[in-house]
Amino acid sequence: MARRRRPGFSDLEKEEIWQGWKRGKTLRTIGRALDRRSCHVRTFVAATGGFVPVPHRRSPLVLSHWEREEISRGIAAGDSMRMIASALKRAPSTVSREIARHGGREAYRADAADKEAWTYARRPKPCRLATNRPLQRIVVKKLRLEWSPEQISGWLKQEYPGDVNMQISHETIYRSLFIQARGVLKKKELLAHLRTRRTIR
């Protein structure tokens, strides 16, 4: 019998796990295909609550590494903010904020600025339930009444048709339960009210 490997998956194995998961395969079936224990596969899937992670891409609206290098060259050449912005076809305020955010004209470095911006962009953003207490209270109340996230989302749209701050998708509610529960929703208590009783999506 082949020896089982330790936990830890290659990028290719991770892709195969998510492809199998999206097709509805069981964790045991996925584990057998990869010659891995199903408990290891479950641990990997449970880390994101069963949600397939979305690849992180740089927004076309933010400054690119090339643009930051051009800013650095412009500073070295003594160009004004407007000259640098004009060359990049960006607003002067965008260039000004970029330089101020990363040390000013004296300390600005393109590589360091790009790395810092990329790191900041990858930080998880708090969901609406974490920042909107009235909405959180309503969702918790409905979950305790054993409403499904789909029912809650639909009810909020009808109850607050003109207030997007008091609306939330059912997927965000699930994510708050399965991933962001700490400090947002009381995971163990509220999961017991879900009809499926699942711990991953």
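Residues numbered from 1 in each chain as written. Predicted model: local features only at pLDDT ≥ 70, side-chain atom pairs only at ≥ 80, totals over all residues. Heavy atoms only, no water.

Draft legend 1. Expanded view of the nonpolar core. Listed in full, the twelve residues of the largest apolar core are C127, L129, L135, I138, V139, L143, I152, L156, M166, I168, I173 and L177. Of all the secondary-structure elements, those providing two or more residues to this core are α10 (133–144), α11 (149–159) and α12 (170–178). The element that contributes the greatest number of residues to this core is α10, accounting for four residues. With residues up to four places along the chain from it excluded, the contact list for L135 reads R128, L129, L156, N165, M166, Q167 and I168. Counting residues in each nonpolar core, the second largest holds ten residues, with A85, L88, Y108 and A113 among its members. (Core = buried A, V, L, I, M, F, W, Y, C linked by side-chain atoms within 4.5 Å. Buried < 20%, exposed > 50% of the residue type's maximum accessible area, 1.4 Å probe, protein only. Helix = DSSP H or I, 4+ residues; strand = E, 2+ residues; numbered from the N terminus. Contact = heavy atoms within 4.5 Å.)

Draft legend 2. Representation of the pattern of salt bridges. By the definition in use, this model includes seven salt bridges. Close ionic contact of E13 with R36 constitutes a salt bridge, the shortest N to O distance being 3.1 Å. With a gap of 23 residues between them, E13 in helix α1 (residues 11–22) and R36 in the loop between α2 (27–34) and α3 (38–46) connect regions that are remote in the sequence. Overall, E13 belongs to the buried group, its relative accessible area being 10%. R90 is the partner of E67 in a salt bridge, and the nearest nitrogen-oxygen pair spans 3.0 Å. Separated by 23 residues along the polypeptide, E67 in helix α4 (residues 65–76) and R90 in the loop between α5 (81–88) and α6 (92–101) bring together distant segments of the chain. One salt-bridge network, in which partners are shared between bridges, spans R68, E98, R101 and D114. (Salt bridge = Lys/Arg side-chain N within 4 Å of Asp/Glu carboxyl O.)

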